[in-house]
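# Chains, contacts and geometry: an overview
Here are the chains, one letter per residue:
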Amino acid sequence: MHMLNDRGYLVGDFEINETRAEFLTRFVDTFMRENLDIKKSMRNDSNDHIYVFFPNNPKVNIDTMKICIKRMQNDEVYKAIVVAQQNLTPVAKKFIGEFSSKFHMEVFQEAELLVNISRHVLVPEHQLLTPEEKKTLLERYTLKETQLPRIQITDHIARYYGLKRGQVVKIIRPSETAGRYVTYRYVV
């Protein structure tokens, strides 16, 4: 829920602040991972949706991915996050690649989401720039976007925020001398 909230999706406070005990009372009787599936919309665009799938199978195969794609097609949702217990099978990865032009699917293992890395004391604040803010930044410093320092699309924080190639992220670090130090990274 924190990750969806940080990406700009509409998440209620009760969902973010839910305790482990409250969560268990909701799902203890009929716990199936598929009951955890979530569909959320963006705060500023109610037509922009995302699914979060929690497949039951420890190893996600092509059949599971077909079910996810079918649900996305039926609901006209073009983004999804799959939270898997283990790695996807090679065939399932290839299947996702075949649909990458129409659907954007991200895969996280459960272990990656046990700790919210954006809240870690050593991870500075990251803010995604809008296209207008990016244009203003580049004009202000008379730069090309490729002249900015880079962040890999595979970086854990880039994956957490769902950054895409070509976007620019603003990073704000605390500084002993200046109070705060701002830098920018171009996603490659």
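As shown above, the structure is provided for reference.
Presented here is a report on the structure given in the accompanying data block.

Definitions and limits used
- Residues numbered from 1 in each chain as written.
- Predicted model: local features only at pLDDT ≥ 70, side-chain atom pairs only at ≥ 80, totals over all residues.
- Heavy atoms only, no water.
- Helix = DSSP H or I, 4+ residues; strand = E, 2+ residues; numbered from the N terminus.
- Buried < 20%, exposed > 50% of the residue type's maximum accessible area, 1.4 Å probe, protein only.
- Pairing = 2+ DSSP bridges.

What follows concerns unusual backbone geometry. Despite not being glycine, Glu76 shows a phi value in the positive range, around 55 degrees. Position of Glu76 among the secondary structure elements: in the loop between helix 4 (62-75) and strand 3 (79-84). According to the relative accessible area criterion, Glu76 is exposed, its value standing at 56%. We note that Thr142 has phi near 45 degrees; this positive angle belongs to a residue other than glycine.

Pairing analysis gives four bridges linking strand 5 (residues 125-128) to strand 7 (residues 168-175), with the strands arranged antiparallel. Residue pairing across strands places Leu128 opposite Val169, the latter belonging to strand 7. In terms of strand pairing, strand 7 meets strand 8 (residues 179-187) through eight bridges, oriented antiparallel. Bridge assignment links Pro174 to a residue of strand 8, and that residue is Arg180. The hairpin formed by strand 7 and strand 8 contains three residues between the paired strands.

Taking strand neighbours across the sheet as the criterion, the four strands line up as 5-7-8-6 in an open arrangement whose pairing is mixed. Taken across any chain shown, the strands that pair with only one partner, and hence form the sheet edges, are strand 5 and strand 6 (150-151). Sheet topology note: the strand 6/strand 8 ladder contains two bridges and is parallel. Across the sheet, residue Arg150 finds its bridge partner in strand 8, namely Tyr186.

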